[in-house]
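These are the residues of each chain, in order.
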Amino acid sequence: LRPMLSTLSSTSYDPSKVRNVAIIAHVDHGKTTLMDKLLAHCGTKFNSSMERAMDSNEHEKERGITITSKYTRLYYKDYSLHVVDTPGHADFGGEVERILSMVDGVVLLVDATEGPMSQTKFVLGKALAAQKKAIVVLNKIDRDGHRAEEVESEIMELFFALSNNEDLVDYPLLYTSPS
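About the cut-offs
Residues numbered from 1 in each chain as written. Predicted model: local features only at pLDDT ≥ 70, side-chain atom pairs only at ≥ 80, totals over all residues. Heavy atoms only, no water. Helix = DSSP H or I, 4+ residues; strand = E, 2+ residues; numbered from the N terminus. Buried < 20%, exposed > 50% of the residue type's maximum accessible area, 1.4 Å probe, protein only. Contact = heavy atoms within 4.5 Å. Areas by Shrake-Rupley, 256 points an atom, 1.4 Å probe, with all protein chains shown as cover. Polar contact = N/O pair within 3.5 Å; in protein donor to acceptor, adjacent residues only side chain to side chain. Phe/Tyr/Trp six-rings, centres within 6.5 Å; stacked < 30°, edge-to-face > 60°.

Let's shift gears to the overall build of the protein. Looking only at helices and strands, the protein features seven helices and six strands. What you see in the protein, going N to C, is helices and strands ordered as α-β-α-α-β-β-α-β-α-β-α-α-β. Here the protein, with 179 residues, has 40% of them falling under the buried criterion. Excluding contacts between residues fewer than 6 apart, the proportion of contacts in the protein whose partners are at least 24 apart in sequence is 68%. Per element, the accessible surface of the protein, about 10100 Å² overall, is 52% carbon and sulfur.

So, in structure tokens, the structure goes:
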């Protein structure tokens, strides 16, 4: 990051307009799809072969999961968002822990049908222990059989079970659909 910063003029770089966030979730809850949608929304042009743009190595493409964290920068209004797509599989929990030491906050993505799963609890627990504020995104609300209201309650119970810090358990809740 240092070389990039040195090339910017002091008038064009405003640290108060930079946000560093990690997207955390259980495997298959939609982190990489969310990244693709964020990239598209912020103006990235995709061709038909760029689905799962952040999954770059052969093992990730073959298995359909994120194995190593990837970082990208998005520009939204006058903010620079440094976003990290993290692994969701429990075997790669150490990678998520490492990333949490580098970000200001997290986007916790939860499937509206499945609700919080084991890796959700693990990564959220690590984020809260590191005093990271969360934005909760309830994903896949367009699916038949979603349990949005019940999952909202499960998420709230999970936050209260993992932290008693009022600032950390007071989180915004957003709804999304991958389509």
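With phi around 55°, Lys-77 is a residue other than glycine that occupies positive phi space. Along the chain, the position of Lys-77 falls in the loop between β2 (70-76) and β3 (79-85). Residue Lys-77 is classed as exposed on the basis of its relative accessible area of 71%. Phi at Gln-131 is positive, roughly 65°, even though this residue is not glycine.

Relative to the helices and strands, Asp-111 resides in strand β4 (residues 105-111). Asp-111 gets classed as buried once you look at its relative accessible area, which sits at 5%. Once the C-alpha coordinates of Asp-111 and Gly-30 are considered, the two residues, 81 residues apart in sequence, prove to be 7.6 Å apart. A polar atom in the side chain of Asp-111 sits 2.6 Å from the backbone nitrogen of Thr-113.

Per the counting criterion, the structure on display carries one aromatic pair. Consider the rings of Phe-159 and Tyr-171, whose centres lie 4.3 Å apart with planes at 25°: the pair is stacked. In this pair, Phe-159 sits in helix α6 (residues 148-162) while Tyr-171 sits in the loop between α7 (166-169) and β6 (173-175), placing the two residues twelve residues apart along the sequence. Relative accessible area serves as the criterion here: at 0%, Phe-159 is assigned to the buried category.

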